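# A closer look at the structure
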Amino acid sequence: MTSQTVRWAVVGTSDFALDWIARGISLSSNATVAAIVSRDAARGAAAAQRFGAGHTFPSIDAIDTTVVDGVFLVLPAALHAEYAIAAARRGLHVISEKPMAPSVADCRRMIDAARAAGVVLAVAHCMEWTAPMVQARALLAQGAIGEVVTAGISASFTATPDPTWQHDDMPQRGAGALVDMGVHAVDGITRLLGPVRRVAALSGTRLPAYAGDRSATLLLDFASGVHGVLQSHYTCYQNGLELQGTEGRIWSSEWWGREFAGTLHLQRGDEVTTWQLPRVNVYVPQIEHVSQCVLSGATPVISGERGMANMAVIEAGLLAARGGGWVDVPAGQ
Ligand SMILES: NC(=O)c1ccc[n+]([C@@H]2O[C@H](COP(=O)([O-])OP(=O)(O)OC[C@H]3O[C@@H](n4cnc5c(N)ncnc54)[C@H](OP(=O)(O)O)[C@@H]3O)[C@@H](O)[C@H]2O)c1
């Protein structure tokens, strides 16, 4: 680490890992792709060459910690805890992709390992930096719609039916609509409105090809008393946000995405304001923020605790979907 640049190893070589995460690092002002970690030497070398990284390693244990400061884990979610703990024990800072880990217990282990090692732990809740979300937070902070009373959010896309998804263990593997996409919505709405105290849920879909955890609708009872509805499906595209307050409403028909501007509107009485939002590649401000935290010793806004709190809502939602009724979300793990 120089005084201004954090040297990251990207762990994983999927299209997403390279086209978005490694590229995001390479476009950032205070970070560099120093290494690629891959189980496949040829894939690792090709990726390293593409991003000008000087090193490839086959595992976390093999990383030369004199040339790498931190790891960005772009791995299947069920591996995040194992890799994060191994990296922290080696004194490496960690950004884990979302969902942080399939269980709250694994999230806790990641936080404990980072704390014991004195390294930064962040969870890649990249939608923190979408322009509609940034603008919506600013409007709420100004009290633009008075007291918020009700909210809705959705994050869904049409996935190709895949027979390997027929298993009941999708959530345990960190897969399924709620765990994979719903976590963006949970993160987004709790960032705007604070913690959720209990959850009721519907799961399942009318489309037989999409059995398993491919559809979820949650009823959210926020600690503040706000009522909320959250939807996440693999069977349709949804990208909506709506906040209703005593003095107006804020809504977006495109609040999440990778490199986009999105939409945001504010209505007060008959007056509607629509913003021209800037186009943002969310992975660039994400890595710049976490790198700045590594350089300064600050805690990232996308902290391990936030990642774990999101998974506590998801766990409660999965339980509610199976058992019916309301399930409490434990506060502050
Ligand atoms: N925030 C976002 O916008 C966003 C978007 C997409 C995905 N994600 C998240 O990113 C993470 C990775 O998603 P992905 O779609 O890139 O996953 P993926 O394609 O299933 O796996 C990513 C990489 O993990 C490595 N890996 C290491 N051990 C593995 C194992 N035992 N089995 C399979 N792969 C293994 C592989 O690289 P090597 O073969 O080179 O070792 C593989 O390329 C997930 O947590 C996902 O939710 C986030």
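Here the structure is a predicted model, which means the values were calculated and not measured. (Residues numbered from 1 in each chain as written. Predicted model: local features only at pLDDT ≥ 70, side-chain atom pairs only at ≥ 80, totals over all residues.)

Another point: the packing of helix α1 (residues 15–26) against helix α7 (residues 283–296). Where α1 meets α7, the closest approach of the two axes is 8 Å, and the angle between their N-to-C directions is 60 degrees. Relative to α7, the element α1 is oriented oblique. The handedness of the crossing between α1 and α7 is right-handed. Where α1 abuts α7, its residues W20, I21, G24 and I25 lie against Y283, V284, Q286 and I287. (Axes fitted to C-alpha atoms, helices over the stretch in contact; angles between N-to-C directions. Helix = DSSP H or I, 4+ residues; strand = E, 2+ residues; numbered from the N terminus. Parallel < 35°, antiparallel > 145°, perpendicular 65-115°, else oblique. Left-handed = near helix turned anticlockwise from the far one by under 90°. Contact = placed C-beta atoms within 7 Å.)

The subject of this paragraph is the sheet that holds strand β3 (residues 55–57). Spatially, β3-β2-β1-β4-β5-β6 is the arrangement adopted by the 6 strands of the open sheet, whose pairing is parallel. Where the open sheet ends on each side, the last strands, each with one partner, are β3 and β6 (121–123). Direction aside, neighbouring strands of the sheet carry axes that sit 25 degrees apart on average. Here strand β5 (residues 93–96) runs beside β6; their pairing, made up of 3 bridges, is parallel. By the bridge assignment, I95 is partnered in β6 with A122. (Pairing = 2+ DSSP bridges.)

The subject of this paragraph is the packing of helix α3 (residues 80–89) against helix α4 (residues 104–117). At their nearest, the axes of α3 and α4 sit 8 Å apart, and the two run at 10 degrees to each other. Taken together, the axes of α3 and α4 are roughly parallel relative to one another. Only D106, R109, M110, A113, A114 and A117 of α4 make contact with α3, whose side of the interface consists of A81, A84, I85, A88 and R89. Looking at the contact of α3 with α4 residue by residue, the classes come out as 8 nonpolar, no polar and 3 charged. (Nonpolar A, V, L, I, M, F, W, Y, C, P; charged D, E, K, R; others polar.)

Here we come to the environment of N281. Its location among the elements puts N281 in strand β18 (residues 280–281). Judged by C-beta crowding, with 18 C-beta atoms within 10 Å, N281 ranks as partly exposed. Each C-alpha atom, one on N281 and one on G24, is 7.7 Å from the other, the two residues being 257 residues apart in sequence. Residues contacting N281, with those up to four places away along its chain left out, are G24, L27, R258 and E259. (Buried ≥ 20, exposed ≤ 12 C-beta atoms within 10 Å, placed from the backbone.)

Further remarks concern the site of the ligand. The environment of the ligand is made up of 19 residues, and the closest members are G12, T13, S14, S38 and E97. For the shell around the ligand, the class distribution of residues is 9 nonpolar, 4 polar and 6 charged. (Near = placed C-beta within 6 Å.)

For a regular strand, the rule is simple: side chains alternate between the two faces of the sheet. Judged from the 7 bridges that link them, strand β9 (residues 196–203) and strand β10 (residues 215–222) form a sheet pairing that is antiparallel. Following the sheet pairing, V196 is matched in β10 by F222. The pairing of β9 with strand β19 (residues 327–328) spans 2 bridges and is classified as antiparallel. Looking at the pairing, V199 lines up with V327 of β19.

Further remarks concern the domain arrangement of the protein chain. By the assigned domains, the protein chain splits into domain 1 (6–126 + 284–303) and domain 2 (127–280 + 311–328). Where the side of domain 1 that touches domain 2 is concerned, the elements lending two or more residues are α4 and α7. Along the lines of polarity and charge, the residues of the side of domain 1 that touches domain 2 split into 14 nonpolar, 2 polar and 1 charged. (Domains from an automatic or database assignment.)

Once that is clear, we can look at the nonpolar core. Core analysis: the largest hydrophobic core is formed by 108 residues, its most contacted members being A9, V10, A84, V94 and M110. Looking at this core element by element, the count peaks at 10 residues for helix α8 (residues 304–323). The residues that make up this core include at least three from each of domain 1 (6–126 + 284–303) and domain 2 (127–280 + 311–328). Excluding anything up to four places from it in sequence, V10 contacts A17, I21, A22, V33, I36, F72 and V74. (Core = buried A, V, L, I, M, F, W, Y, C linked by C-beta atoms within 7 Å.)

This part covers the sheet that holds strand β7 (residues 148–154). The strand order β17-β16-β14-β13-β7-β11-β10-β9-β19 describes an open sheet built from 9 strands, whose pairing is mixed. Whereas interior strands pair on both sides, the edge strands pair on one side only; in this sheet they are β17 (271–274) and β19. Each of β13 (241–245), β14 (248–252) and β16 (265–268) touches helix α5 (residues 131–141); the most contacted strand, β14, lies at about 170 degrees to it. Seen against the sheet, α8 touches β9, β10 and β19 and runs at an angle of roughly 45 degrees to β9.

The terminal C-alpha atoms of α1, which comprises 12 residues, lie 15 Å apart, in line with the 16 Å expected from a rise of 1.5 Å per residue. Within α1, the full set of buried residues consists of A17, L18, I21, A22, G24 and I25. Residues of α1 that are buried in the fold lie against β1 (6–11), β2 (31–37), α2 (41–51), β4 (70–73), β18 and α7. (Expected span 1.5 Å × (residues − 1).)

So, about the environment of T5. As for its position among the elements, T5 is in the segment before β1. Here the alpha-carbon distance between T5 and L295, two residues 290 residues apart in the chain, equals 7.8 Å. Apart from the residues within four sequence positions on either side, T5 is in contact with N30, A31 and T32.

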